[in-house]
Amino acid sequence: MPPATPTEAPPEPAAPADAPDATRGDVAGGVGHSAGRPDSTLKVTGEFAYGSDLWMDNMLWGVTVRSPHPYARIRSIDIAEALATAGVFAVLTHEDVPGEKTYGLEVADQPVLAFDVVRYQGEPVALVAADHPEIARQAAKKVRVDYEVLEPVTDARAALGHATPDLHGDQAGQVTELSRAAPYLHPEGNLVRHLKIRVGDPDPVADVVVVGEYDVGMQDQAFLGPEAGLAVPDGVGGVDLYVATQWLHVDQRQICAALGLRAEQVRLSLAGVGGAFGGREDLSMHVHGCLLALHTGKPVKMVYNREESFFGHVHRHPAKMRYEHGADRDGRLVYVKAEIYLDGGAYASSTPAVVGNAGTMGLGPYVVPNIHVDCYGAYTNNPPCGAMRGFGSVQTAFAYEAQMDKLAAQLGMDPVELRVRNAMAEGSPIPTGQVIDSAAPVAELLQRLRAMPLPSDLDGADLRHLPGGVSNTTHGEGVRRGVGYAVAYKNVAFSEGFDDYSTARVRLEAVAGAPQVTVHTAAAEVGQGLVTVEQQICRTELGVDTVVVHPKDTQVGSGGSTSASRQTYVTGGAVRAACHRVRDRVFALAAAYLGETLDDLRLEGGNIVSQTRGAVGSVADVLGTEVVEETTQWRHRRTEPIDPETGQGFAHVQFAFAAHRAVVDVDVELGLVKVVELACTQDVGKAINPDAVVGQIQGGSTQGMGLALMEEIQISEGKIRNPSFTDYLIPTILDTPPMPIEVLEYADPHAPYGLRGVGEAPTISSGPAVMAAIRDACGLELTKVPVRPEHIVDGGADREVSGTD
Amino acid sequence: MEFLAATTLSDALAAKREQPEAVPLMGGTDVMVELNFDRRRPPALLDLTGVRELDEWSMDGDVVRLGAGVTYTRVIEELGQALPGLAMASRTVGSPQIRNRGTVGGNLGAASPAGDSHPPLLAAGAKIELASVTGTRTVSIDDFYTGVKSHAGRPDELITAVLVRSARGPQQFSKIGTRNAMVIAVSSFGLALHPDVKRVRTGIGSAAPTPRRAVEAESFLSSALEEHDLWETRAALADSLVREFGERVKAAARPIDDVRGTAAYRLHSLAVMARRTLGWAWADYAGGTA
Ligand SMILES: Cc1cc2nc3c(=O)[nH]c(=O)nc-3n(C[C@H](O)[C@H](O)[C@H](O)COP(=O)(O)OP(=O)(O)OC[C@H]3O[C@@H](n4cnc5c(N)ncnc54)[C@H](O)[C@@H]3O)c2cc1C
């Protein structure tokens with residue numbers, strides 16, 4: 001077993017570290033200000049064009065024929081009747097895919113259109129284009145697919161041939177017929193990735209040991225704007241695609257491969273995105289729309305409806321986890337053993353990276369000397385799972401935080417105190433051996449939470465403050481209060497050696513006598529506010545008020561993915577770097593203009609300002625007709641893969657830390673929950689836009705709370721039982737409590753402006769805090785997420801409730 | 001699809017006679033969902049939103065005549081005193097937008113076991129007014145629900161109004177959902193005390209193929225109240241009595257397991273809701289405020 005040697009950062013090719021004085025918080029609408037969004041008025045007035053609003057005269061409508069079966073062999077596909085329908089222009093199958101027949105973000109295992117077998121319910125099998133959406137839908141029903149239905153594999157452990165627990169849960173798991181019989185769903189078998197971490201003593205002993213098994217259900221991103229795009233053929237073999245997505249260039253790469261076209265022939269532009277949360281990292285209608293457009297020579301629009309959307313994107317991996325924590329009598333962790341199964345569903349999507357996160361981040365922000373982790377991602381015939389906000393860390397946080405509470409209870413210790421005692425800090429090693437080399441204020445986040453005043457007692461006067469709300473299920477009877485804490489830590493940006501860069505093009509010119517900046521990146525704005533951040537950085541760096549955000553497209557280099565909390569960091573870094581180059585050129589122009597070189601210049605308020613002499617000229621005058629434009633690629637510091645046997649390596653760029661305290665009222669007799677308050681503390685390094693930071697924390701907290709309380713795609717025999725917002729519930733405003741938030745700003749010296757990625761961390765700790773509070777209120781273990789009323793009621797079947805009822 | 005827009009009740013009834021398969025459209029909050037999801041392709045829609053007669057409510061003695069087209073928002077704002085149970089249930093329906101469009105008549109037309117109007121109307125002992133070109137009849141709410149999502153109206157009839165006696169005693173409504181707003185009932189329960197006739201009536205929602213009363217529980221409770229002179233004395237109810245009532249309400253239900261909840265939980269929750277709503281209603285009655 002390897003010793004827990006700290007892993008050093010690999011040598012840096014360049015020094016991206018930042019002088020703190022680069023942050024000038026005094027520019028109106030610049031970095032550090034809560035600048036307004038450029039698209040806010042359009043969005044609030046309903047005029048913003050989302051992907052589903054795309055329109056072209058004479059366009060056709062594309063519709064997808066999907067498999068009704070989770071697992072089946074395709075005997076034949078008969079398109080004749082569909083094709084003969086008046087108004088139908090094309091019916092396509094896998095035979096019409098000119099290039100690679102399969103695609104994927106990390107593994108190209110997913111058919112553009114199914115051939116031989118379908119591996120999940122809703123898998124695309126054929127496409128129809130017609131001159132009216134209704135005609136296309138009716139024709140789609142006439143595509144006759146002859147299936148030989150097969151028994152689906154629906155359990156991740158069984159898919160891997162591992163032991164599955166007995167049905168009653170009262171015996172140890174065994175390798176049963178279920179596991180022995182699971183067929184290979186892909187040629188290499190059903191294992192997508194197995195991540196191991198081995199640190200320290202393989203047979204550690206501890207004074208106190210707690211074991212728990214936890215089960216997290218499948219969450220959906222539930223973005224409000226369904227998948228949509230418009231493909232327009234260019235008449236010379238190429239295509240322009242307008243699409244709501246998260247990473248234009250990775251889409252382009254996959255579309256080109258499937259179409260057998262070169263990058264210049266497939267041009268993408270970002271359509272208005274109505275939320276993403278990871279669900280738009282994989283392709284949806286992209287290749288399909290382009291195939292139909294190229295085949296018919298006409299523009300083709302495709303929009304999924306709400307139900308289809310549930311089948312049209314990947315979901316959060318459901319997880320089954322077994323954890324064993326050992327600690328000494330003082331509550332110091334001695335070891336953690338964890339076994340984590342993530343159900344990847346039918347195709348790999350980003351399962352390898354999700355396994356990477358769940359495995360390496362899966363013990364939480366605590367220092368653990370002896371570690372044994374096995375994290376598996378499996379193929380099954382369940383819906384494909386991939387990226388979703390929090391990416392592997394969300395699932396494991398439910399387990400590690402429940403374990404910390406269990407340990408505290410066993411030790412008779414305060415749960416916050418136990419966490420503080422084991423908290424990571426700057427200089428701590430994480431389970432992969434990497435040493436944290438910037439602020440890690442875990443203890444402070446917890447202590448600040450604990451110091452916040454608690455909300456007032458139960459207010460029975462207003463039904464909306466009670467579990468059940470206006471549904472009038474209690475006037476206080478059966479209601480118990482609980483408080484719970486949880487902490488998140490999340491890797492920011494892409495890990496394990498990925499070359500994760502962004503490109504920015506910044507142009508400065510004088511327009512009608514005033515300086516104007518245009519910033520052009522391909523980084524997707526999905527509602528998070530990157531467009532605002534791009535403007536703010538330009539204002540701060542170039543001292544120019546008017547900043548135009550160029551539409552996002554592939555006419556500029558990759559902006560990387562809008563995921564992993566990385567865009568403000570990486571694309572923000574690229575914009576800043578491009579601004580610096582522009583600035584240097586303006587200074588050179590200023591030298592020519594002034595006839596002398598000054599080395600104490602800065603750009604401010606549309607002027608070139610000398611430290612000693614004050615304003616020496618306006619930017620507009622200095623530029624004249626000159627257009628200064630610079631395009632820059634920018635990378636965060638390098639990471640490296642982890643060792644496949646020990647899990648050791650410098651895998652992560654940066655860590656984000658957040659903590660939550662949840663206060664809940666639970667009607668223990670009916671199992672209904674009211675979250676009274678959800679307080680959060682988070683270190684963001686530097687709040688580039690303080691209002692947007694708070695917005696991310698509120699939204700992330702709500703999404704995590706939703707998973708704890710209600711959000712679950714229910715699957716039975718591989719089929720989705722609730723593909724609608726009638727039965728896939730997300731929190732409404734009446735379920736969303738007040739959220740006191742404290743934002744800390746401990747600069748990370750490796751990051752632009754010292755910032756830390758913000759978006760994911762609050763999604764990770766809010767749900768576990770809510771679960772902890774519910775457990776505290778009811779005194780039950782509650783190991784299944786989301787918790788349903790019947791779990792609370794069943795768990796407390798013998799509880800006598802005193803009250804007036 | 002044909003779209004028939006009536007502006008008077010007689011036009012609407014004539015249209016319904018002519019085309020009995022035309023689907024009435026009131027707030028559209030059920031109909032449009034079904035059309036959008038392609039669950040239903042009727043040959044014609046009969047739009048009733050322009051029919052003024054349906055939009056109104058009036059008092060006839062102590063009976064409220066609630067037009068089928070009166071929205072939940074108006075029930076909450078205007079009829080909280082006269083129809084407290086229905087108003088409480090209306091408050092739990094969907095979101096403000098749905099309450100502004102959705103109607104009690106539409107809820108009855110859909111006759112879903114999960115519809116929130118049904119338990120309070122069962123508990124209040126409402127009558128449903130059905131009209132056709134040949135005349136108007138009323139059907140007791142007890143006979144209105146005939147099967148899963150079906151009711152006693154004939155194809156040539158429209159639901160024109162609900163007739164409910166103004167409340168003589170306390171009424172309560174309680175609904176379980178897995179979130180605190182905008183949720184279809186996992187189970188629901190309505191209860192009305194009728195001190196004038198010394199009766200208790202109930203309504204169970206989402207826990208049987210149709211909305212239904214817990215008839216046996218009602219008579220058990222009514223006779224216990226009578227036997228101990230409790231209508232007169234307004235004395236506190238024995239805990240055992242309240243519990244037994246809950247158990248009997250539960251026994252009246254025939255729930256299933258589905259995506260919204262388990263049958264076992266539905267039964268359990270009904271017993272709890274029955275106990276609690278009885279406790280609240282009786283406390284009101286004992287306090288003499290009703
Ligand atoms: C987002 C959302 C949330 C919802 N939440 C709830 C909820 O919490 N509780 C609940 O109970 N319901 C809920 N519903 C369902 C719906 O809002 C209610 O059933 C509502 O009462 C229907 O009324 P409406 O006027 O919109 O009916 P419509 O949709 O117009 O009609 C409903 C049915 O009644 C028939 N009908 C209408 N008028 C007549 C008439 N005069 N005579 C005969 N038949 C007629 C129609 O043909 C149709 O079959 C919800 C719906 C949505 C979309």
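See above for the structure.
Summarised in this report is the structure supplied together with it.

Criteria and thresholds
- Residues numbered from 1 in each chain as written.
- Chains lettered and ligands numbered in written order.
- Predicted model: local features only at pLDDT ≥ 70, side-chain atom pairs only at ≥ 80, totals over all residues.
- Heavy atoms only, no water.
- Helix = DSSP H or I, 4+ residues; strand = E, 2+ residues; numbered from the N terminus.
- Rg over C-alpha atoms; globule rule 2.2 N^0.38 Å.
- Buried < 20%, exposed > 50% of the residue type's maximum accessible area, 1.4 Å probe, protein only.
- Contact = heavy atoms within 4.5 Å.
- Areas by Shrake-Rupley, 256 points an atom, 1.4 Å probe, with all protein chains shown as cover.
- Lys, Arg positive; Asp, Glu negative; His and termini not counted.
- Charge placed at Lys NZ, Arg CZ, Asp CG, Glu CD.
- Polar contact = N/O pair within 3.5 Å; in protein donor to acceptor, adjacent residues only side chain to side chain.
- Pairing = 2+ DSSP bridges.
- Near = heavy atom within 4 Å.
- Nonpolar A, V, L, I, M, F, W, Y, C, P; charged D, E, K, R; others polar.
- Axes fitted to C-alpha atoms, helices over the stretch in contact; angles between N-to-C directions.
- Parallel < 35°, antiparallel > 145°, perpendicular 65-115°, else oblique.
- Left-handed = near helix turned anticlockwise from the far one by under 90°.
- Salt bridge = Lys/Arg side-chain N within 4 Å of Asp/Glu carboxyl O.
- Expected span 1.5 Å × (residues − 1).
- Arc of directions from axis to C-beta.

**Some thoughts on the overall build of chain B**
Scanning chain B from N- to C-terminus turns up 12 helices and 13 strands. Its C-alpha atoms give chain B a radius of gyration of 19 Å, within 12% of the compact-globule value 19 Å for 290 residues. Each principal axis of the C-alpha distribution contributes one length, and for chain B these read about 60 × 45 × 30 Å. Within chain B, the fraction of its 290 residues that count as buried is 56%. Partitioning the contacts of chain B with sequence separation of at least 6, the portion at a separation of at least 24 is 62%. Summing over all exposed atoms, chain B offers an accessible surface of approximately 11,500 Å²; the carbon and sulfur share of this is 52%. Taken together, the 33 basic and 34 acidic charged side chains of chain B have centroids lying 5 Å from each other.

**Some points on the environment of K16(B)**
Residues and elements named next belong to chain B. Its location among the elements puts K16 in helix α1 (residues 9–18). Residues K16 and T49, spaced 33 residues apart in sequence, show a C-alpha to C-alpha distance of 15 Å. At 2.8 Å, the side chain of K16 and the backbone oxygen of P20 are in polar contact.

**Some remarks on the pairing of strand β28 (residues 654–667) of chain A**
Moving residue by residue along a regular strand, the side chains alternate between the two faces of the sheet. Residues and elements named next belong to chain A. Among the 14 residues of β28, 14 are classified as buried, and the element is accordingly described as predominantly covered. Every second residue of β28 is oriented toward a common face, with Q654, A656, A658, H660, A662, V664 and V666 on one face and F655, F657, A659, R661, V663, D665 and D667 on the other, all of them buried. Where strand β20 (residues 479–492) meets β28, 14 bridges bridge the pair, whose relative direction is antiparallel. Bridging across to β28, A488 finds its partner in A658. Across 11 bridges, β28 lies against strand β29 (residues 672–683) in antiparallel orientation. For V666, the partnering residue across the bridge sits in β29 and is V673. Hairpin remark: β28 followed by β29, antiparallel, with 4 residues in the connecting loop; positive phi at G671, about 75 degrees.

**A word on the site of the ligand**
Residues and elements named next belong to chain B. Residues in close proximity to the ligand total 30 residues, the closest being M26, T29, D30, Y72 and T103. Backbone polar atom of G94 to an oxygen atom of the ligand: 2.9 Å apart, as the coordinates give it. Between a nitrogen atom of the ligand and a side-chain N or O atom of D116, the distance comes to 2.6 Å. Burial of the ligand by the surrounding chains reaches 89%, relative to a free accessible area of 970 Å². Tallied by class, residues from the shell around the ligand come to 15 nonpolar, 11 polar and 4 charged.

**Quick word on the packing of helix α11 (residues 239–252) of chain B against helix α12 (residues 263–286) of chain B**
All names here are of chain B. It is at 8 Å that the axes of α11 and α12 come closest, and there the two elements cross at 140 degrees. Comparing their axes, α12 and α11 come out oblique. For α11 against α12, the interelement crossing comes out right-handed. From α11, V242, R243, F245, G246, E247, V249 and K250 reach across to α12, where they touch L267, H268, L270, A271, A274, R275 and L278. A breakdown of the residues in the contact of α11 with α12 according to their chemical character gives 8 nonpolar, 2 polar and 4 charged.

**Section: the pattern of salt bridges**
Counted by the stated rule, this structure contains 71 salt bridges over all chains. In this structure, R635(A) and D499(A) form a salt bridge, with 2.8 Å as the shortest nitrogen-oxygen distance. In this pair, R635(A) sits in strand β27 (residues 628–635) while D499(A) sits in the loop between β20 and β21 (501–511), placing the two residues 136 residues apart along the sequence. A relative accessible area of 37% means that R635(A) is categorised as partly exposed. The exposure class assigned to D499(A) is partly exposed, which follows from its relative accessible area of 43%. Note that D62(B) is salt-bridged to R168(B), the shortest N-O span being 2.5 Å.

**Structural notes on the side chain of H636(A)**
All names here are of chain A. Mapped onto the fold, H636 is located in the loop between β27 and β28. Here D500 takes part through its side chain, which lies 2.9 Å from a polar atom of the side chain of H636. Residue contacts for H636: discarding those within four places in its chain leaves A493, F494, D500, Y569, V570 and V653.

**Structural notes on the pairing of β29(A)**
Residue and element names in this part refer to chain A. Judged by how many residues are buried, β29 sits mostly within the fold: 12 of 12 residues are covered. Where β29 lies against strand β32 (residues 741–744), 4 bridges are found, and the strand directions are parallel. Bridge pairing in β32 links C680 to I741.

**A few points about the interface of chain A and chain B**
Contact residues are listed per partner, giving 39 residues for chain A and 33 residues for chain B. Viewed at the interface, chain B and chain A are joined by 6 salt bridges. In this structure, D38(B) and K141(A) form a salt bridge, with 2.9 Å as the shortest nitrogen-oxygen distance. Put simply, chain A and chain B have 22 residue pairs in polar contact (both at pLDDT 80 or more) between them. Broken down by secondary-structure element, the contributors of at least two residues to the side of chain A that touches chain B are α3 (133–140), β29 and α18 (789–795) of chain A. Across the side of chain A that touches chain B, the residue classes tally to 13 nonpolar, 13 polar and 13 charged.

**Section: the sheet that holds strand β5 (residues 63–67) of chain B**
All names here are of chain B. The strand order β4-β5-β10-β6-β7 describes an open sheet built from 5 strands, whose pairing is antiparallel. Looking at the sheet topology across the chains shown, the edges are occupied by β4 (57–60) and β7 (135–140). Between one strand axis and the next, the sheet turns through 25 degrees on average, direction left out of account. Summarising the sheet, β4 and β5 pair through 4 bridges and their orientation is antiparallel. Across the sheet, the residue bridging to S58 is R65, located in β5.

**Focus: α11(B)**
All names here are of chain B. Counted at 1.5 Å a residue, the expected span for α11 with its 14 residues is 20 Å, and the 20 Å between its end C-alpha atoms agrees. Among all positions of α11, only L241, V242, F245, G246, V249 and A252 are buried. All buried residues of α11 lie within an arc of 140 degrees about the axis, which places them on one face of the element. The inward-facing, buried residues of α11 abut β12 (187–194), β13 (199–205), α9 (215–227) and α12.

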